[in-house]
Protein chains: 2
Amino acid sequence: MHQKKEIINKLRSSNLRPTKQRILIAKKLFDRKETFHFTAETLNQVINKKGQSRISLATIYNTVEAFKKAGHIREILTNNSKSYYDTNIKSHHHFYDPETKKLTDIDYQEVVLNKIPNPPKGKKIKDLEVIISLQKK
Amino acid sequence: MHQKKEIINKLRSSNLRPTKQRILIAKKLFDRKETFHFTAETLNQVINKKGQSRISLATIYNTVEAFKKAGHIREILTNNSKSYYDTNIKSHHHFYDPETKKLTDIDYQEVVLNKIPNPPKGKKIKDLEVIISLQKK
DNA sequence: TCCTAGTTTATAATTATTCTAAACTAGTAA
DNA sequence: TTACTAGTTTAGAATAATTATAAACTAGGA
Ligand SMILES: [Mn+2]
Ligand SMILES: [Mn+2]
Ligand SMILES: [Zn+2]
Ligand SMILES: [Zn+2]
């Protein structure tokens, strides 16, 4: 699905040199079927598991920030102390389970709003997010 | 509106001794017309402005946590590095302006949803929040 | 008034993240 | 090819928010 060439083009198109670190991180992030909701820590675990490769934590942070600026990932709203990111950059919504701290995607069309307020003057709506917090039944 | 007695009762009812620090913090938080969206830092500024009273930052944090646990305030979802709290504990929604980092309340009935997805099995919905991010028109 | 569990406080510790500056490398041009 | 350089990576230091520690204080009942 995400061949090396595609990844390199993606990086080039956002003025990011396709270094081996960025290519590896991009592979881990984008070469998967399901959305990946992650923190710097979880990404670091995925990348640096059991002495395989070795990418510094600083590069993990730098790359996440670069990918975010380039629009390849987006940051998620949480009230966790860590920043959460999402490989799904389409407008969509989330279930949040405070017990497991896991987010699950909700397709945009699964939520239908038929009334929303007007934004304050001088402002327009950039994005609308719905977060549905869960609890045990 | 929020007399000292009411505040003391509120504290007592949640098993919090009405100390002078908690009473003062509660007054600053709850004795106001508009919702207060705050961080530990902004609350500390409100409390410890120009050499008036003096409550330690540790107590600010302790009290915010205690009030949150007691359900007198709630934490807000943001992607800011600081934790945001809200004196409006009713279910409601927010505009978020990333430029000013300010939140504005949206009344619950200002947003009408006529389709929401079913929660995963074993779970039920605890809360549903809508955050509308703004940008310059 | 005395007692004690609960609270406050200064300060240290921790955690997530950003900064720094030196070493490295991708890409280009000689 | 080789040399150059701007961009990148990295270890480690610095910062910022928050939490933990433990000693001093206090609310409120006996
Ligand atoms: Mn937060
Ligand atoms: Mn957050
Ligand atoms: Zn998502
Ligand atoms: Zn609010």
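Here the structure is a predicted model, which means the values were calculated and not measured. (Residues numbered from 1 in each chain as written. Chains lettered and ligands numbered in written order. Predicted model: local features only at pLDDT ≥ 70, side-chain atom pairs only at ≥ 80, totals over all residues. Heavy atoms only, no water.)

Q: Which parts of the structure should I look at to understand the overall build of chain A?
A: From N to C terminus, chain A includes four helices and seven strands. The order of α-helices and β-strands along chain A, N terminus first, is α-α-β-α-α-β-β-β-β-β-β. Counting only C-alpha atoms and orienting by the principal axes, one finds that chain A spans roughly 50 × 40 × 30 Å. When burial is assessed residue by residue, chain A has 40% of its 137 residues classed as buried. Entry remark: accessible area of chain A is about 8,200 Å², with carbon and sulfur atoms responsible for 48%. Computed over 28 positive and 14 negative side-chain charges, the inter-centroid distance for chain A is 8 Å. (Helix = DSSP H or I, 4+ residues; strand = E, 2+ residues; numbered from the N terminus. Buried < 20%, exposed > 50% of the residue type's maximum accessible area, 1.4 Å probe, protein only. Areas by Shrake-Rupley, 256 points an atom, 1.4 Å probe, with all protein chains shown as cover. Lys, Arg positive; Asp, Glu negative; His and termini not counted. Charge placed at Lys NZ, Arg CZ, Asp CG, Glu CD.)

Q: How should I be thinking about the pairing of strand β7 (residues 123-136) of chain B in this particular structure?
A: Each regular strand carries side chains that alternate between the two faces of the sheet. Of the strand pairs in this sheet, strand β7 (residues 123-136) of chain A and β7 of chain B are connected by 13 bridges, and their pairing is antiparallel. Looking at the pairing, D127 of chain A lines up with S133 of chain B of β7 of chain B. Taken together, the three bridges between strand β4 (residues 93-97) of chain B and β7 of chain B define a ladder with parallel strand orientation. Across the sheet, residue F95 of chain B finds its bridge partner in β7 of chain B, namely I132 of chain B. (Pairing = 2+ DSSP bridges.)

Q: Looking at this structure, how should I read the interface of chain B and chain A?
A: One widely used convention gives an interface's size as the accessible area the parts lose upon coming together. Tallying the contact residues gives 38 residues for chain B and 38 residues for chain A. With both sides pooled, the region where chain B packs onto chain A buries about 3,800 Å², and carbon together with sulfur makes up 58% of that total. At the boundary of chain B and chain A, one finds four salt bridges. With a closest N to O distance of 2.9 Å, K123 of chain B and D97 of chain A form a salt bridge. The interface formed by chain B and chain A includes 21 residue pairs in polar contact (both at pLDDT 80 or more). (Contact = heavy atoms within 4.5 Å. Buried area = accessible area lost by both parts, 1.4 Å probe. Salt bridge = Lys/Arg side-chain N within 4 Å of Asp/Glu carboxyl O. Polar contact = N/O pair within 3.5 Å; in protein donor to acceptor, adjacent residues only side chain to side chain.)

Q: In this structure, what is going on with the coordination of the zinc ion (ligand 4)? I would like to understand it.
A: Put simply, the ideal angle at a metal is 109.5 degrees for four donors in tetrahedral geometry and 90 or 180 degrees for six donors in octahedral geometry. Residues and elements named next belong to chain B. Bound to the zinc ion (ligand 4) are the protein donor atoms H37 (NE2), D86 (OD), H92 (NE2), H94 (NE2) and D105 (OD), situated 2.0 to 2.3 Å from the metal. Positions of the donor residues of the zinc ion (ligand 4) along the chain correspond to the pattern H-x48-D-x5-H-x1-H-x10-D. We classify H94 as buried; its relative accessible area is 2%. (Donors = N, O, S within 2.8 Å, 3.2 Å for Na, K, Ca; no water.)

Q: Please explain the domain arrangement of chain A as it appears in this structure.
A: Residue and element names in this part refer to chain A. Each assigned domain of chain A is listed with its residue range as follows: domain 1 (4-77) and domain 2 (88-133). At the junction of the two partners, domain 1 supplies eight residues and domain 2 supplies 11 residues. Summing the contributions of domain 1 and of domain 2, the shared interface buries around 820 Å²; its carbon and sulfur component is 53%. Looking at the side of domain 1 facing domain 2, the largest losses of area belong to H37, R74 and L77, adding up to 62% of the total buried there. Taking the shortest distance from any N to any O, the salt bridge between R74 and D127 comes out at 3.6 Å. Of the residues contributing to the side of domain 1 that touches domain 2, the split by class is three nonpolar, four polar and one charged. (Domains from an automatic or database assignment. Nonpolar A, V, L, I, M, F, W, Y, C, P; charged D, E, K, R; others polar.)

Q: Teacher, can you tell me more about the relation of the copies chain B and chain A here?
A: Between the two copies of this chain, the relationship is a rotation about some axis together with a displacement along it. Rotating chain B by 179° about the axis while translating it 0.0 Å along that axis superimposes it on chain A, leaving an RMSD of 0.1 Å. What the superposition gives is, in effect, a two-fold axis relating one chain to the other. A high fraction, 100%, of the interface residues of chain B reappear at the interface in chain A, so the copies pair face to face through one surface. (Least-squares fit on C-alpha atoms with pLDDT ≥ 70 in both.)

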